[in-house]
Amino acid sequence: MAKVLAVLSSGHKDTENNYETGWWAEELFAPMEILQNAGHQVDLASPKGGKPTLDQVSLMEEYDPEGKYKKMYESGLADNTTPLSDVDASAYDVVFVVGGHGAMYDLAESETLHKIINDVYDNGNIVSAVCHGPAPLVFTKRPDGQSIIAGLDVTGYPEAVEPEGLPEILPFSLEGKMSEVANYTADEKVVWGNEQVLTGRDPFSAEALGDELVKALANRSQQEN
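Okay, so let's go over this structure. Since the model is a prediction, treat every value here as computed from it, not as a measurement.

### Some points on the overall build of the chain
Move 1: A count of helical and extended segments in the chain gives seven helices and eleven strands.
Move 2: Radius of gyration (C-alpha) of the chain: 16 Å, near the 17 Å computed for a compact globule of 225 residues.
Move 3: Expressed along its principal axes, the backbone C-alpha trace of the chain runs to roughly 55 × 40 × 35 Å.
Move 4: Per-residue burial for the chain yields a buried fraction of 54% across its 225 residues.
Move 5: Of the contacts formed within the chain by residues at least 6 apart in sequence, a portion of 77% connects residues at least 24 apart.
Move 6: Here the chain has roughly 10,200 Å² of accessible surface; of this, 43% comes from carbon and sulfur atoms.
Move 7: Here the chain holds 15 positive side-chain charges and 38 negative ones, and the gap between their average locations is 4 Å.

### Some points on the nonpolar core
Move 1: Trp 23, Leu 28, Phe 29 and Ile 149 are the most contacted members of the largest nonpolar core, which totals 71 residues.
Move 2: Looking at this core element by element, the count peaks at seven residues for helix α1 (residues 25-37).
Move 3: Residue contacts for Leu 28: discarding those within four places in its chain leaves Ala 6, Leu 8, Trp 23, Leu 44, Ala 78 and Val 98.

### Some points on the packing of aromatic side chains
Move 1: Applying the stated criterion across every chain, the model contains five aromatic pairs.
Move 2: Grouped by ring-pair contacts, the aromatic residues Trp 23, Phe 29 and Tyr 73 constitute a single cluster.
Move 3: The cationic tip of Lys 3 hangs over the ring face of Tyr 92; the distance from NZ or CZ to the ring centre is 5.1 Å.

### Section: the sheet that holds strand β7 (residues 126-130)
Remark on secondary structure: sheet strands pair via backbone hydrogen bonds, oriented parallel or antiparallel.
Move 1: Spatially, the seven strands line up as an open sheet ordered β5-β4-β1-β6-β7-β11-β10, and their pairing is mixed. In this open sheet, the two strands that pair with only one neighbour each are β5 (82-83) and β10 (190-192).
Move 2: Across five bridges, strand β1 (residues 3-7) lies against strand β4 (residues 41-46) in parallel orientation. Its bridge partner lying in β4, Ala 6 is registered against Leu 44.
Move 3: Here α1 sits on the sheet in contact with β1, β4, β6 (94-97) and β7, set at roughly 155° to β4.

### Here we look at the pattern of salt bridges
Move 1: Following the criterion strictly, the structure yields seven salt bridges and no others.
Move 2: Between Glu 74 and Lys 70 there is a salt bridge, with the nearest N and O atoms lying 2.7 Å from each other. On the criterion of helical spacing, the pair formed by Glu 74 and Lys 70 is a turn pair, its members being four residues apart in helix α2 (residues 68-74).
Move 3: By relative accessible area, Glu 74 is classed as exposed at 54%.
Move 4: Residue classification places Lys 70 among the partly exposed residues on the basis of a relative accessible area of 36%.
Move 5: Between Arg 201 and Asp 202 there is a salt bridge whose closest N-O contact spans 2.9 Å. The two residues Arg 201 and Asp 202 agree in class, both being buried.

### Details of the pairing of β4
Move 1: For β4, the tally of buried residues reaches five of six residues, placing the bulk of the element in the interior.
Move 2: Looking at chain direction, β4 and β5 are connected through two bridges and run parallel. Bridge assignment links Ala 45 to a residue of β5, and that residue is Thr 82.

### A few points about the packing of α1 against helix α7 (residues 206-224)
Move 1: It is the contact of α1 with α7, at a shortest axis distance of 8 Å, that shows an interaxial angle of 35°. Two packed elements cross with a definite hand, and for α1 against α7 that hand is right-handed. On α7, the residues that touch Glu 26, Glu 27, Ala 30, Pro 31, Ile 34 and Leu 35 of α1 are Ala 206, Glu 207, Gly 210, Asp 211, Leu 213, Val 214 and Leu 217.
Move 2: A class-by-class count of the residues in the contact of α1 with α7 yields eight nonpolar, one polar and four charged.

### Observations regarding the layout of surface pockets
Empty space among the atoms becomes apparent when a probe as large as a water molecule is rolled across them.
Move 1: Reported here for the largest pocket is a volume of approximately 340 Å³.
Move 2: For the largest pocket, the lining is made up of 20 residues, of which Trp 24, Tyr 63, His 101, Tyr 157 and Pro 163 are closest to its centre.
Move 3: Taken together, the residues of the lining of the largest pocket break down into twelve nonpolar, four polar and four charged.
Move 4: One number sums up the size of the second largest pocket: a volume of about 180 Å³.
Move 5: Lining the second largest pocket are Met 1, Ala 2, His 40, Asp 93, Asn 125, Leu 217, Arg 220, Ser 221 and Glu 224.
Move 6: Grouping the constituent residues of the lining of the second largest pocket by class yields three nonpolar, three polar and three charged.

Calculation rules
Residues numbered from 1 in each chain as written. Predicted model: local features only at pLDDT ≥ 70, side-chain atom pairs only at ≥ 80, totals over all residues. Heavy atoms only, no water. Helix = DSSP H or I, 4+ residues; strand = E, 2+ residues; numbered from the N terminus. Rg over C-alpha atoms; globule rule 2.2 N^0.38 Å. Buried < 20%, exposed > 50% of the residue type's maximum accessible area, 1.4 Å probe, protein only. Contact = heavy atoms within 4.5 Å. Areas by Shrake-Rupley, 256 points an atom, 1.4 Å probe, with all protein chains shown as cover. Lys, Arg positive; Asp, Glu negative; His and termini not counted. Charge placed at Lys NZ, Arg CZ, Asp CG, Glu CD. Core = buried A, V, L, I, M, F, W, Y, C linked by side-chain atoms within 4.5 Å. Phe/Tyr/Trp six-rings, centres within 6.5 Å; stacked < 30°, edge-to-face > 60°. Lys NZ or Arg CZ within 6 Å of the ring centre and 35° of its normal. Pairing = 2+ DSSP bridges. Axes fitted to C-alpha atoms, helices over the stretch in contact; angles between N-to-C directions. Salt bridge = Lys/Arg side-chain N within 4 Å of Asp/Glu carboxyl O. Left-handed = near helix turned anticlockwise from the far one by under 90°. Nonpolar A, V, L, I, M, F, W, Y, C, P; charged D, E, K, R; others polar. 1 Å grid on protein atoms, 1.4 Å probe; cavity = no way out; pocket = protein on both sides within 12 Å on 5 of 7 lines; lining within 4 Å. Points joined across faces, edges and corners; volume = space filled by probe spheres on them.

Purely geometric stuff here, so don't read any function into it on its own.
Structure follows, in structure tokens:
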């Protein structure tokens, strides 16, 4: 059994623009279910701890047609997160940054999260993120001062499909920032940058990302044995 740390945005509220966002339901629950069904433990963390703010759009019929993720959310599966400051990175085989636009606000430049990501990476373990979740990877610096994704093949939410009017109020363009430091593509659902870095493009990539993590953990287990 591996231990996976799923990191969620605590949420962001922009009263001036009447905009509230947070983490995206499918991007947590789809990989979580796949990982747990494979026998792995998934722990949750967020900047503030406690119950983080969900982007309610992610429970709309367009994104959750069967209401599956709504039921999982309402059951309280994501109600209790550990503050990032209390996380022991050495306990985890994988850190997984959940998307939702909230990640661009409170996760992207979180030095506490950057340290967790670096510690997991330095222990030879897996750093993964989906949709807007790669935002903090852009800003996570290695000892040489370069981004942890510098020069790697990556994916994340494409600029072309951002909701109309939203790019004007977001703190930065995710695709733009990723393209500055890495080889960004929107052509693949999931991309391994190297044996330790995995990124997913959008909410509909979340299951594929979960599957990739399960396969990678199984391969690592076989190699250890």
